[in-house]
Amino acid sequence: EAQVTQNPRYLITVTGKKLTVTCSQNMNHEYMSWYRQDPGLGLRQIYYSMNVEVTDKGDVPEGYKVSRKEKRNFPLILESPSPNQTSLYFCASSFGYSGGTGELFFGEGSRLTVL
Amino acid sequence: GDSVTQMEGPVTLSEEAFLTINCTYTATGYPSLFWYVQYPGEGLQLLLKATKADDKGSNKGFEATYRKETTSFHLEKGSVQVSDSAVYFCALSDRGGGADGLTFGKGTHLIIQP
């Protein structure tokens with residue numbers, strides 16, 4: 001089954017404790033992206049990757065890191081989480097420029113709470 | 001830069017009512033337009049799309065027409081069901097129809113009452 005898988009789905013942590021949210025897709029997509037969703041602000045892009053070893057900042061990259069060492073994986077790293085990073089996070093992927101229907105496929109979301 | 005504006009809601013309707021969710025956009029060039037839907041507890045999924053002016057996208061009884069003259073892409077459904085309760089996002093891409101770099105509206109929360 002074609003899917004984007006994120007883990008963990010739910011996490012409560014404390015300020016300053018490094019954490020990683022993993023994202024994996026099984027569709028051989030070139031493009032992957034991270035979003036955060038907050039009430040009243042909608043979806044905002046954090047980072048994106050056009051292909052392996054190619055990443056770029058989105059609209060709200062501060063406090064986050066990403067890496068793209070393999071095509072299928074795109075982890076989101078919070079080196080020193082703060083309470084303002086409490087949010088619902090989505091990973092997404094697509095074929096990008098190389099073709100496909102232009103559809104972005106989303107994971108089920110990871111709800112993060114930073115105390 | 002590109003932007004998408006849509007009513008935020010919540011929009012509350014009775015079952016079988018007619019639905020319109022307005023969406024207008026600002027973009028350079030000729031973007032592709034999308035509606036995504038987010039059901040409770042799930043990620044977003046594509047509902048429909050249109051890639052050029054006057055195109056009509058349709059799926060699951062929902063329709064939207066790409067209106068270049070009014071820079072709009074309003075979502076409509078003739079008779080809504082309780083199962084349509086969700087958050088609906090209008091989005092655009094100016095990357096030649098690709099899903100890269102989508103710009104999303106803030107989402108419209110739709111509640112359908114039996």
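Position numbers for residues count from 1 along each chain, tracking the sequence in the order it is written. Whichever chain is written first becomes A and whichever ligand is written first becomes 1, with later ones labelled in order. Side-chain atom pairs in this predicted model are given and counted only at pLDDT of 80 or more, local residue features only at pLDDT of at least 70, and totals for whole chains, interfaces and linings cover all residues. Computation of side-chain values: all heavy atoms of the structure, hydrogens and water removed.

**Notes on the overall build of chain A**
Counting from the N terminus, the helices are the DSSP runs of H or I reaching at least four residues and the strands are the DSSP runs of E reaching at least two. The helix and strand inventory of chain A stands at 0 helices and 11 strands. Secondary structure elements of chain A, listed N to C terminal, follow the sequence β-β-β-β-β-β-β-β-β-β-β. Projected onto its principal axes, the C-alpha coordinates of chain A cover approximately 40 × 30 × 25 Å. When burial is assessed residue by residue, chain A has 49% of its 115 residues classed as buried. Here a residue-residue contact requires only that any non-hydrogen atoms of the pair lie within 4.5 Å. Of the contacts formed within chain A by residues at least 6 apart in sequence, a portion of 54% connects residues at least 24 apart. Only the protein chains shown count as cover for residues, and all accessible areas are computed by the Shrake-Rupley method using a 1.4 Å probe. For chain A, the accessible surface area stands at approximately 5,600 Å², while carbon and sulfur atoms represent 51% of it. His is not counted, nor are the chain ends, whereas Lys and Arg count as positive and Asp and Glu as negative. Taken as the charge centre is NZ of Lys, CZ of Arg, CG of Asp or CD of Glu, depending on the residue. Looking at chain A, you have 12 positive and 11 negative side-chain charges, and the mean spots of the two groups are 6 Å apart. The classification of residues rests on relative accessible area computed with a 1.4 Å probe and restricted to protein chains. Under 20% of the type maximum is buried, over 50% is exposed, and intermediate values are partly exposed.

**Some thoughts on the side chain of A:Thr13**
All names here are of chain A. Note on placement: Thr 13 falls in strand β2 (residues 10-13). The class of Thr 13 is buried, set by a relative accessible area of 7%. Not counting the four nearest positions on each side in its chain, Thr 13 is found in contact with Leu 19, Leu 112, Thr 113, Val 114 and Leu 115.

**Some points on the sheet that holds strand β7 (residues 56-59) of chain B**
Residues and elements named next belong to chain B. Taken in spatial order, the 4 strands of this open sheet run β3-β9-β8-β7, and their pairing is antiparallel. Looking along the sheet, the strands with just one partner apiece sit at the ends: β3 (19-21) and β7. Across the sheet, the mean angle from the axis of one strand to that of its neighbour is 20 degrees, orientation sign disregarded. Strands are treated as partners if at least two bridges between them are detected by DSSP. Where β7 and strand β8 (residues 62-65) come together, 4 bridges link them in antiparallel fashion. When the bridges of β8 are listed, Ser 58 appears paired with Glu 63. In this analysis an axis means a line fitted to C-alpha atoms, helices contributing only their contacting stretch, and an angle means the value between N-to-C directions, from 0 to 180 degrees.

**Observations regarding the pattern of salt bridges**
When a carboxyl oxygen of Asp or Glu lies within 4 Å of a side-chain nitrogen of Lys or Arg, that pair is called a salt bridge. Considering all chains together, one arrives at 8 salt bridges over all chains under this definition. The closest approach of N and O atoms between B:Glu63 and B:Lys56, which form a salt bridge, is 3.6 Å. For B:Glu63, a relative accessible area of 34% puts it in the partly exposed group. Beyond isolated ion pairs, a larger network of salt bridges with shared partners links A:Lys18, A:Lys65 and A:Glu79.

Fair warning: the whole summary comes from geometry, so function is off the table for now.
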